[in-house]
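Structure at a glance
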Amino acid sequence: MGVARFQQQRLDDLLQLVQLRLLGVATLLVLLPCCINCQQQLSSSLLAQNGYDIDWQYGHATWYGNPYGDGSDGGACGYTSLENTPYGSNVAAGSAAVFSNGQGCGICYDVKCTYSICNSQPTRIVITDFCPGGVYCSSDEVAFDLSGSAMDSLAVPGLESTLRDFGQYDIQYMRVPCDYVGQNVAFAVDAGSSPYWLSFAVRYEGGPGDIESVMIRQSGSYDWVAMQHNWGASWMLIDYSGQAFRGPYDVQITAKLNGHSLIAWNAIPDYFQPGATYNSSVQFLY
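First, a word on what this report is: a plain description of the structure on this page. Computed from a predicted structure; not experimentally measured.

Quick look at the state of the cysteines now. Going through the model one piece at a time under the given rule, you end up with 4 disulfides. One disulfide in the model links C77 with C105; its S-S distance is 2.1 Å. Measuring handedness by torsion sign, the sulfur bridge of C77 and C105 sits at about -90° and is left-handed. With C77 in the loop between β1 (57–64) and β2 (91–94) and C105 in the loop between α3 (96–99) and β3 (108–113), the pair connects residues that are 28 residues apart, well separated along the chain.

So, about the sheet that holds strand β15 (residues 277–279). Pairing within the open sheet is antiparallel, and its 5 strands lie in the order β11-β12-β8-β7-β15. Whereas interior strands pair on both sides, the edge strands pair on one side only; in this sheet they are β11 (228–231) and β15. Taken pair by pair, the neighbouring strands of this sheet meet at an average axis angle of 35°, ignoring direction. Note: β11 against strand β12 (residues 234–238), 3 bridges, orientation antiparallel. Each residue of the ladder has a partner; that of H229, found in β12, is W235.

We now examine the nonpolar core. Residues F187, F200, I253 and I268 are the most contacted members of the largest nonpolar core, which totals 26 residues. The set of elements that each furnish at least two residues to this core consists of β7 (186–189), β8 (197–203), β9 (213–217), β12, β13 (249–254) and β14 (261–268). The dominant element in this core, judged by the number of residues it contributes, is β14, at 4 residues. Other than its neighbours up to four places away in sequence, F200 contacts F187, A188, V189, D190, V214, I216, M227, A233, S234, W235, V251 and I268. A92, I127, F144 and M151 belong to the second-largest nonpolar core, a separate cluster that totals 21 residues.

Right, let's talk about the pattern of salt bridges for a bit. Opposite charge on two side chains permits them to pair, given that their charged atoms come into close proximity. Under the defined criterion, the tally for this structure stands at 4 salt bridges. Ionic pairing is found between R124 and D110, a salt bridge with its closest N-O pair at 2.5 Å. Here D110 lies in strand β3 and R124 lies in strand β4 (residues 123–130), a separation of 14 residues in the sequence. Accessibility expressed as a relative area gives 32% for R124, which makes it partly exposed. A relative accessible area of 13% places D110 in the buried class. Close ionic contact of D152 with R164 constitutes a salt bridge, the shortest N to O distance being 2.5 Å. Taken as a pair, D152 in helix α5 (residues 148–153) and R164 in helix α6 (residues 160–164) lie far apart in primary sequence, 12 residues in all. You'll find D152 and R164 in the same group, each marked buried.

Definitions and cut-offs
Position numbers for residues count from 1 along each chain, tracking the sequence in the order it is written. Totals for whole chains, interfaces and linings use all residues, but because this is a predicted model, local features are given only for residues with pLDDT of at least 70 and pairs of side-chain atoms are given and counted only at 80 or more. Water and hydrogen atoms play no part in the side-chain values, which are based on all heavy atoms of the structure. We call a pair of cysteine sulfur atoms a disulfide whenever their separation is within 2.5 Å. Put simply, DSSP H or I for four residues or longer makes a helix, DSSP E for two residues or longer makes a strand, and each gets a number counted from the N terminus. Pairing between strands is defined by DSSP: at least two bridges between the two strands are required. Only the contacting stretch of a helix is used when fitting its axis, a line to C-alpha atoms as for every element, and angles between N-to-C directions run 0 to 180 degrees. The nonpolar core is taken to be a set of buried Ala, Val, Leu, Ile, Met, Phe, Trp, Tyr and Cys residues, with the residues joined through side-chain atoms within 4.5 Å. Exposure classes here rest on a 1.4 Å probe applied to the protein chains alone. A residue is buried below 20% of its type maximum, exposed above 50%, and partly exposed in between. Residue contacts are defined here by distance: any two heavy atoms, one from each residue, within 4.5 Å place the two residues in contact. Any Lys or Arg side-chain nitrogen found within 4 Å of a carboxyl oxygen on Asp or Glu counts as a salt bridge.

This is how it looks when you write it as C-alpha cells:
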C-alpha cells in the first residue's frame, strides 16, 4: 500500500509540473520549432512574462582580483573553483540588492559599458560572490564587482588595460536566462555531509538561476521536506531524530524569479560521497 501510494505521489508530482509549464513549453515550441540554442532566441514577450529584462537597465560596476582571472576562488556562493566549468571566468560579485543573502547566486546578466573604448557586444556574467563594500556595492542599488576576465571582455580588443584603469564604470545590464548547453543542474555535496546532516550547493541552474526553495524526499517516502538555506547556494537537511536519512534522494527546486519548479529524480545516491558532485537529468529552460 505504501509503495503504491509513493508511486502515485511521484506521478502526481510529474503531472503537476507538466501542467504548470505546459503553456510556456507550447508557446516555446510554436515560436522556435527549429531552434538549437533556444534561450538566446526567446521572444521578448515570453521573456517579460517570465520575469526577465527586455530593456537595458542602468547601473554601476567595478572589478577585482586577477586582471585576467575569475575574481575569487569560489566566493560567497560556494561554487569553488570556476575554471573550466560552464560559468567560465566571466563572473561577478553582486551588491546586496543582487546577492539577496545568497538567493541571487547563479543569476545571469548581460552587461556592457558605453564609453568609446567599450565593446559594442554585451558580456554574459554569472553572480558567484558578494560585493559588500566600495562606492557602489555599499549602496542599496544594483551594482557589480566584475572579475578581471569579465572586465576585459567589456573593452574593444587591445584596449583592455585602458578600460581597467578607469576603475569605476557606468554600465547597462539586462537580466537574462542562464543557458548551460549540455549541462544539467548539479548538486555539490558538502565535504562534511553525513547520513544525519546533508548539505549541498545547487550548481548550473539554468533559466532564472536563483532559488526560492529546495525540497527533498527520501527513498520510499511520499513526503517532501523543506531544506534550510545554509549559505550562498548551499541548502541543508538536519536529522534531529537520531535516524539516518534514506537515499536515493529526489530534489525539487523552485526558482525565485518566476516560480518555475523542477524535480531531479534520484538526484543524490544513498551512499553519496561527501565532496562529490552529482549531475541530474533535468534543467530549467527559462
